[in-house]
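Structure assessment
Chain residues, written in single-letter form:
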Amino acid sequence: MTEPLIVGAMVRTLGAYPSGWRHPRAHADPRTDAAILRRIARLAEDADLDYLFFGDWLATGPDLEFRDPYLLARIDPLSAVLYLAGVTERIGLIATVNSTYADPYATARATASLDLLTGGRAGVNLVTGAEPRAAANHGRDAHADNETRYDRADEFVRALRLLWETWDADAWVADTAGGVLIDADGLRPAAFTGSQVRVEGPLNVARPPQSHPPIVHAGTSPRSRTLAATEADLALIAAGDPAVAAATRTELRAVAAAAGRDPDELKVIVPVLPVVAETDAAARAIVDRLLLLVPIDDGASSHAGRAAFPANRSLGSFLDVAEIAGDDPVRSASVDDAVRAETAARFAEAAARTLETVLSRTGRDVGGEHPVTWRHLIAAHAVPANFVVGAPAAIADHFELWRDAGAADGFNVLSAFQPAQFEAFTGLAVPELRRRGLIGRGGATLRDRLGLGAPRLLRAPEPATTGR
């Protein structure tokens, strides 16, 4: 029997699609995130998902209002998982830490503490950061280049593992009769010195139940792929096509094997953005609404005059992509006009692909009773998303297709808006996924749920010399 997929929820309280917060059923105020986080956690645990995943971004600015609203204001990920540790019992809790700016001792302490407090449900997603504004927020003149960041990340991972290992599993003796609290030989320094990271230790938190909480990493550069293949338990990749994802997974597993790892211990996870409803038509109507809610320059909107407003959200910008000449009369159309079939027939390849995407995901047509408008095309091109749209069977078909193609070991589930779309996924799609055996792994710890064996220790415990 085929093992169920790994399925986690990537939590973005303002939704994963930029216009999601505008939907009538959406959470739109980060000041009340506590309630929505509890709701998401309970839904995810009741659905028997494997983990909740919290990303991070170390800066903010007005440009994010239009590009990625969920990044504008968000709960610190370690704070979020510690908050949810008290309202959950089984689900894994993965928090993001930026190794470029974080302190390895503080990170080891926080993650070991989380693992102890949750009975082995902690995980850590290590990133190196892509936001230049983060540098000034941490007292630095400039964001480090990719190679420098990954040099530090390599050392950061080693320091983290050594700190987690400073206590032997049986070092805590608590012999009340003999008055011996610890086996001193079971406590050792980390004693790591690199070019960018130095830690002495020992860690002042007992050994984590998982020894090493699972490590997650994502990235597209050669250095990030190497770090994921050699150090991560979960490698997050972004791919819209199962064949591309399968090739990437094969490559990562080969690098892992060359590094002496069992490639089966590296789990490759891809993001998925399901838009779920009871029927395919109802799901397409949600996508239609999301596209119509994307702010664009329609000649009347006040957004267009703002410096942070994206330049690609206008009719002119889309017609440039479509390669419609500057003197063509269609350039004077209203963004809410229907797209005529004869005009669509002249689209260049990129614009034609956008049109096909809109047709398939919204159920609209060209030249019919439910026409595609220019607003749909502008939004879909400017704010692309790999929606998987439909009733529960359509979502399950997608999961099954990618599994059978060897494209992924599991999925990070995003929701276009919260909590309604996550409720739809857990309430409608999860029962169908469970019926097909695609979900429901179980396990006492996060490592168990992910199908990971014992972690690769950097050093074996030293033999006792005191006779205790």
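Per-chain numbering applies: the sequence of each chain, read as written, is numbered from 1 onward. Only residues with pLDDT of 70 or above have their local features reported here, since the model is predicted, and side-chain atom pairs are shown and tallied only from 80 upward, although totals for entire chains, interfaces and linings are computed over all residues. Side-chain measures here rest on the full set of heavy atoms in the structure, leaving out hydrogens and waters.

**Focus: the UniProt feature "domain: Luciferase-like" (unreviewed entry) in the chain**
- UniProt positions are given in the numbering used here, feature names are shortened, and annotations may be inferred rather than shown by experiment. This chain's UniProt record puts "domain: Luciferase-like" (unreviewed entry) on residues 32–407.
- Segments assigned H or I by DSSP are reported as helices when at least four residues long, segments assigned E as strands when at least two residues long, and all are numbered from the N terminus. A distance of 37 Å separates the end C-alpha atoms of residues 32–407, which is 41% helix and 13% strand.

**Let's talk about the nonpolar core**
- In this structure, L49, L52, F399 and F425 are the most contacted members of the largest nonpolar core, which totals 55 residues.
- If near-sequence neighbours (up to four positions away) are discounted, F425 is found in contact with V7, L49, P274, V276, I395, F399, V413, V430 and L433. For this analysis, a nonpolar core means a set of buried residues of the types Ala, Val, Leu, Ile, Met, Phe, Trp, Tyr and Cys, connected via side-chain atoms within 4.5 Å. Exposed residues in this analysis have more than 50% of their type's maximum accessible area, buried residues have under 20%, and partly exposed residues fall in between, with area computed by a 1.4 Å probe over protein chains only. Contacts are residue-level and defined by heavy atoms, with any inter-residue pair within 4.5 Å sufficient.

**Digging into the packing of helix α9 (residues 280–292) against helix α13 (residues 374–382)**
- Angular values range over 0 to 180 degrees, each being the angle between N-to-C directions of two axes fitted as lines to C-alpha atoms, with helices fitted over their stretch in contact. At a minimum axis separation of 8 Å, α9 and α13 run at an interaxial angle of 85°. Taken together, α9 and α13 sit at an angle that is classed as roughly perpendicular. On α13, the residues touching D288, L291 and L292 of α9 are R375, H376, A379 and A380.
- Residue polarity is assigned by list, with Asp, Glu, Lys and Arg as charged and Ala, Val, Leu, Ile, Met, Phe, Trp, Tyr, Cys and Pro as nonpolar; anything else, Gly included, falls into the polar class. Partitioning the contact of α9 with α13 into residue classes produces four nonpolar, one polar and two charged. An angle counts as roughly parallel when it lies under 35 degrees, as roughly antiparallel when it exceeds 145, as roughly perpendicular when it falls between 65 and 115, and as oblique in every other case.

**Thoughts on the confidence of the model for the chain**
- The predicted model of the chain averages 95 in pLDDT, with 98% of residues at 70 or higher.
- Per residue, pLDDT measures the predictor's confidence, with a range of 0 to 100. Confidence drops under pLDDT 50 across residues 464–468; counting only partners more than four residues distant or on other chains, this segment forms nine contacts.

**Structural notes on the side chain of S19**
- Along the polypeptide, S19 turns up in the loop between β1 (6–10) and α1 (33–46).
- Within the structure, the side chain of S19 is placed 2.7 Å from the backbone oxygen of L290, a separation counted as a polar contact.
- Those residues in contact with S19, other than ones at most four positions away along the chain, are L290, L293 and V294. As used in this structure description, the phrase polar contact means that two N or O atoms lie within 3.5 Å; if the pair is within protein, one of them must be able to donate a hydrogen and the other to accept it, and residues adjacent in sequence are counted only when both atoms belong to side chains.

**Focus on the pattern of salt bridges**
- Here, a salt bridge means any Lys or Arg side-chain nitrogen found within 4 Å of an Asp or Glu carboxyl oxygen. Under the definition given, this model contains 30 salt bridges.
- Between D404 and R403 there is a salt bridge, and its shortest N-O distance comes to 3.0 Å.
- Each of D397, E400, R403, D404, E432, R435 and R436 takes part in one network of salt bridges that share partners.

**Observations regarding unusual backbone geometry**
- With an omega of 0°, the peptide bond running from G201 to P202 counts as cis.
- With respect to the secondary-structure elements, P202 resides in the loop between β8 (198–199) and β9 (215–218).
- Residue P419 follows Q418 across a cis peptide bond; omega there is -5°.
- Secondary-structure assignment places P419 in the loop between β13 (410–413) and α15 (420–435).
- Even without glycine at this site, A174 takes up a positive phi of about 50°.
- Tracing the backbone through its elements, the reader meets A174 in strand β5 (residues 172–175).
- On the accessibility criterion, A174 (41% relative accessible area) is partly exposed.
- At A191, a position not held by glycine, the phi torsion is positive, near 50°.
- By secondary structure assignment, the location of A191 is in the loop between β6 (180–182) and β7 (192–193).

**Observations concerning the packing of aromatic side chains**
- Stacked, tilted and edge-to-face are the three classes assigned to paired rings of Phe, Tyr and Trp, where Trp is represented by its six-membered ring and a pair needs centres within 6.5 Å; plane angles under 30 degrees give stacked, over 60 edge-to-face, the rest tilted. Tallied over the full model, the rule gives nine aromatic pairs.
- With centroids separated by 5.1 Å and ring planes inclined at 75°, the aromatic side chains of F66 and F309 adopt a geometry described as edge-to-face. With F66 in helix α2 (residues 64–67) and F309 in the loop between α9 and α10 (315–322), this pair connects stretches of sequence that are 243 residues apart. Here the two residues F66 and F309 agree in accessibility, since each one is buried.
- Their ring planes at 50° and their centres at 5.9 Å tell us that F347 and W374 sit as a pair that is tilted. Taken together, the residues span a long stretch of sequence, with F347 in the loop between α11 (341–344) and α12 (349–362) and W374 in helix α13 at a distance of 27 residues.
- Through successive ring pairs, a cluster of aromatic residues spans F399, W402, F411 and F425.

**Some details on α1**
- Compared with an ideal rise of 1.5 Å per residue, which puts 14 residues at 20 Å, α1 spans 20 Å between its outermost C-alpha atoms and is within 8% of the ideal.
- Along α1, the residues classified as buried are D33, I36, L37, I40, A41, L43, A44 and E45.
- For α1, the secondary structure elements touched by its buried residues are β2 (51–54), α3 (77–85) and α15.
- Two residues or fewer past α1, D48 is found with a positive phi of approximately 65°. Each residue after the first adds 1.5 Å to the expected span of a helix.

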